[in-house]
Amino acid sequence: MGSARARASDWIKQFRIDDRWAMLLIIALGGLFVSISIGYVYARSITVAGWQLWTWLLTVIVVIGALLMGAGHPPKIVVGNWRWLLVILVAAILLRFVLLETIPGDLHVDEYGVADFSLRHIFAKAGETLNPFRSGPASNPSLYHYLVRLSLLIGGTSITGLRLSSALAGVLAVLATYAMVAVFDNRRTALIGAALMAGYHFHVHWSRIGLNNIWDTLWVPATLALFTWGWKKRWFGGAILAGAAAGLSQYFYPGSRLGLILLLFVMWRLWREDRDSRRMITYGGLMLLVALCVTAPLLLYAIRDPVPFFERTRTVYGWRPDTIMLVTGSPPDRWAYAWHQLWRSVGAYISVPDVTGFYGPGVPLLIGLAAPLFVAGFFWAICKRYFLPVLWITLTVLLGGFILSDPPGSSHYVVAIPAMVWLMAMPLEWLIAQGHPRLVLVLIMLILVTDLVFYFAIYVPGEPRDLIHAFPPLPQL
């Protein structure tokens, strides 16, 4: 017994910190308390005065800043072929920001709803605004509508103003995906993946409509890249920034929750490599502290008022008796339904078109050379034990298709785009390693031309079926 106590005492002593870190942690814990307090007090309030948002925002900034002070100087960032990356980013900007008013067309009904809701409920009256830490339409967190309101202020109350924030997210997502692939794989594969993502028709489309789905392609790779980069460089700032990204992601589309599962997988893999439990507890604890500070008000709302928070999940759940009977007939056949769900969920990538009007292109997510490269990359990743993109794609099939009604819906697959371009880039990088760089350049150009011609010359002129609504009239308040 005495020996066990001595070992426990030695273990605890390893975590003793100096006064400087103690003060910074006290500041961070104080910020967490403020964030939790705001969430608890206003969890069931529909409207608030507005100071709650600014207090929470400043609290988060103070917590992140305080912890970064203790993390020391960040490691030097090395970007290979930075000129090519700059060209890719410029292309991504042009493909996402130009002619937002007319491409891909008028508003989807959900875009219309987002714009109208933001104008009516976000600081529309003096001294009153929608509680930013609760659910809005379709159970989506309402804080996103504050970003839309800001976008409308900057870009004007127009379709362009509505879509500006999505275009920005799409460009930043290309950079985040490059960083993630560079950290987990190599910079050459990262550059290829970024190039493919910049012109990928599916990502271009969701970057050009004013909905929150596209933010998944920024927050998830950013969280994974920051956490892993900081761990490998032995810089605690990576955990702090990853916690901020993970926390903010919960205020956007629910698909970003998949990123939390991926983060747990990454943490386990990193721990297995180093077996440094003390560092992982400290590193992961810092990330969790920041993430909780950011997301605490929304978490308290979900705990205290779970029905509206989870309403959308229940609505789209596909394994209800009436849904199964609709597909298989009476009596319901669960095995036949399971095969129907599995095939359509997996086939979304290469053979089954999106069934929704959010995109509805009439083609699967990957067309032309992209489809066989994706399949080859998937199995190559398994062979080479790159399990992160494989798990990412598999979880999207399960959570974004198989368990939901009427798959595939493109809105549920947006989160997988970084993993998709990563897998497509793997066979191309292998060809370069085999001495075929010119062939790879030709293949990349063919893929990009196929996607861009399809989107801008075929899909958009074909008048997308659900993008038919004009910008909503300004509310008379």
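*Asks:* Quick rundown of the pattern of salt bridges? Include the residues and the values.
*Replies:* Inspection of the entire model under this criterion finds seven salt bridges. Across the salt bridge formed by Arg188 and Glu429, the nearest N and O atoms sit 2.8 Å from each other. Taken together, the residues span a long stretch of sequence, with Arg188 in helix α8 (residues 187-198) and Glu429 in helix α20 (residues 417-433) at a distance of 241 residues. Residue class for Arg188 comes out partly exposed when judged on its relative accessible area of 36%. Notably, a salt bridge pairs Arg279 with Asp276, separated by 3.6 Å at the nearest N-O pair.

*Asks:* Run through unusual backbone geometry, naming residues and quoting values.
*Replies:* Following Ser330, the chain continues into Pro331 via a peptide bond in cis, with omega recorded as 0 degrees. Along the chain, Pro331 falls in the loop between α16 (321-328) and α17 (334-347). The omega torsion of the bond from Pro407 to Pro408 falls at 0 degrees, within 30 degrees of zero and hence cis. With respect to the element layout, Pro408 can be found in the loop between α19 (387-402) and α20. Even without a glycine there, the phi angle at Ser139 is positive, about 65 degrees. Position of Ser139 among the secondary structure elements: in the loop between β2 (129-130) and α6 (143-155). Phi at Arg385 takes a positive value of approximately 65 degrees, unusual for a residue other than glycine. Residue placement: Arg385 occurs in the loop between α18 (370-383) and α19. Arg385 sits in the exposed class, given a relative accessible area of 52%.

*Asks:* Explain the nonpolar core residue by residue, including any values.
*Replies:* Counting 142 residues, the largest nonpolar core has Leu224, Phe227, Tyr349 and Met420 as the members making the most contacts within it. Setting aside its immediate chain neighbours within four residues, Met420 contacts Tyr200, Tyr349, Leu365, Leu366, Phe374 and Ile393. Counting five residues, the second largest nonpolar core, distinct from the first, contains Trp319, Ile324, Tyr337 and Phe402.

*Asks:* Let's hear about the packing of aromatic side chains: which residues, and what values?
*Replies:* Summed over all chains, the structure comprises 33 aromatic pairs. With centroids separated by 5.3 Å and ring planes inclined at 50 degrees, the aromatic side chains of Trp319 and Phe402 adopt a geometry described as tilted. With Trp319 in the loop between α15 (311-316) and α16 and Phe402 in helix α19, this pair connects stretches of sequence that are 83 residues apart. Taken individually, Trp319 and Phe402 each receive the classification buried, so the pair is uniform in this respect.

*Asks:* Let's hear about the packing of helix α7 (residues 159-184) against α8: which residues, and what values?
*Replies:* Across the interface, α7 lies against α8 with an axial gap of 8 Å and an inter-helix angle of 155 degrees. One way to sum up the angle between α7 and α8 is to call them roughly antiparallel. As for the relative orientation of α7 and α8, their crossing is right-handed in sense. Mapping the contact onto sequence places Ala173, Val174, Thr177, Tyr178, Val181 and Ala182 in α7 and Arg187, Thr189, Ala190, Leu191, Ala194, Met197 and Ala198 in α8.

*Asks:* Can you lay out α17 for me, pointing to particular residues and giving the numbers?
*Replies:* For α17, which comprises 14 residues, the first-to-last C-alpha distance of 19 Å matches the rise-based estimate of 20 Å (1.5 Å per residue) to within 8%. Taken together, the buried positions of α17 are occupied by Tyr337, Ala338, Gln341, Ser345 and Gly347. Close packing links the buried residues of α17 with α16 and α19. With a side-chain oxygen positioned 3.1 Å from the backbone nitrogen of Trp335, the residue opening α17 is Asp333.

*Asks:* Got a sec to walk through the packing of α7 against helix α10 (residues 216-232)? Specific residues and values, please.
*Replies:* The geometry of α7 relative to α10 is characterised by a closest axis approach of 8 Å and an angle of 35 degrees between their N-to-C directions. The handedness of the crossing between α7 and α10 is left-handed. Of the residues in α10, those in contact with Ala169, Leu172, Ala173, Ala176, Thr177, Ala179, Met180, Val183 and Phe184 of α7 are Thr217, Leu218, Pro221, Ala222, Leu224, Ala225, Thr228, Trp229 and Lys232. When the residues that make up the contact of α7 with α10 are grouped by side-chain class, the tally is 14 nonpolar, three polar and one charged.

*Asks:* Please set out the environment of Arg334 residue by residue, giving values where relevant.
*Replies:* Counting through the fold element by element, Arg334 comes out in helix α17. For Arg334, the residues in contact, after removing those within four places along its chain, are Trp319 and Ile324.

*Asks:* So what's going on with the side chain of Ser165? Residues and values would help.
*Replies:* Within the secondary structure, Ser165 is located in helix α7. We classify Ser165 as buried; its relative accessible area is 6%. Leave out the neighbours within four places in its chain, and Ser165 touches Tyr144, Leu147, Ser151 and Trp215.

Rules and cut-offs
- Residues numbered from 1 in each chain as written.
- Predicted model: local features only at pLDDT ≥ 70, side-chain atom pairs only at ≥ 80, totals over all residues.
- Heavy atoms only, no water.
- Salt bridge = Lys/Arg side-chain N within 4 Å of Asp/Glu carboxyl O.
- Helix = DSSP H or I, 4+ residues; strand = E, 2+ residues; numbered from the N terminus.
- Buried < 20%, exposed > 50% of the residue type's maximum accessible area, 1.4 Å probe, protein only.
- Core = buried A, V, L, I, M, F, W, Y, C linked by side-chain atoms within 4.5 Å.
- Contact = heavy atoms within 4.5 Å.
- Phe/Tyr/Trp six-rings, centres within 6.5 Å; stacked < 30°, edge-to-face > 60°.
- Axes fitted to C-alpha atoms, helices over the stretch in contact; angles between N-to-C directions.
- Parallel < 35°, antiparallel > 145°, perpendicular 65-115°, else oblique.
- Left-handed = near helix turned anticlockwise from the far one by under 90°.
- Expected span 1.5 Å × (residues − 1).
- Polar contact = N/O pair within 3.5 Å; in protein donor to acceptor, adjacent residues only side chain to side chain.
- Nonpolar A, V, L, I, M, F, W, Y, C, P; charged D, E, K, R; others polar.

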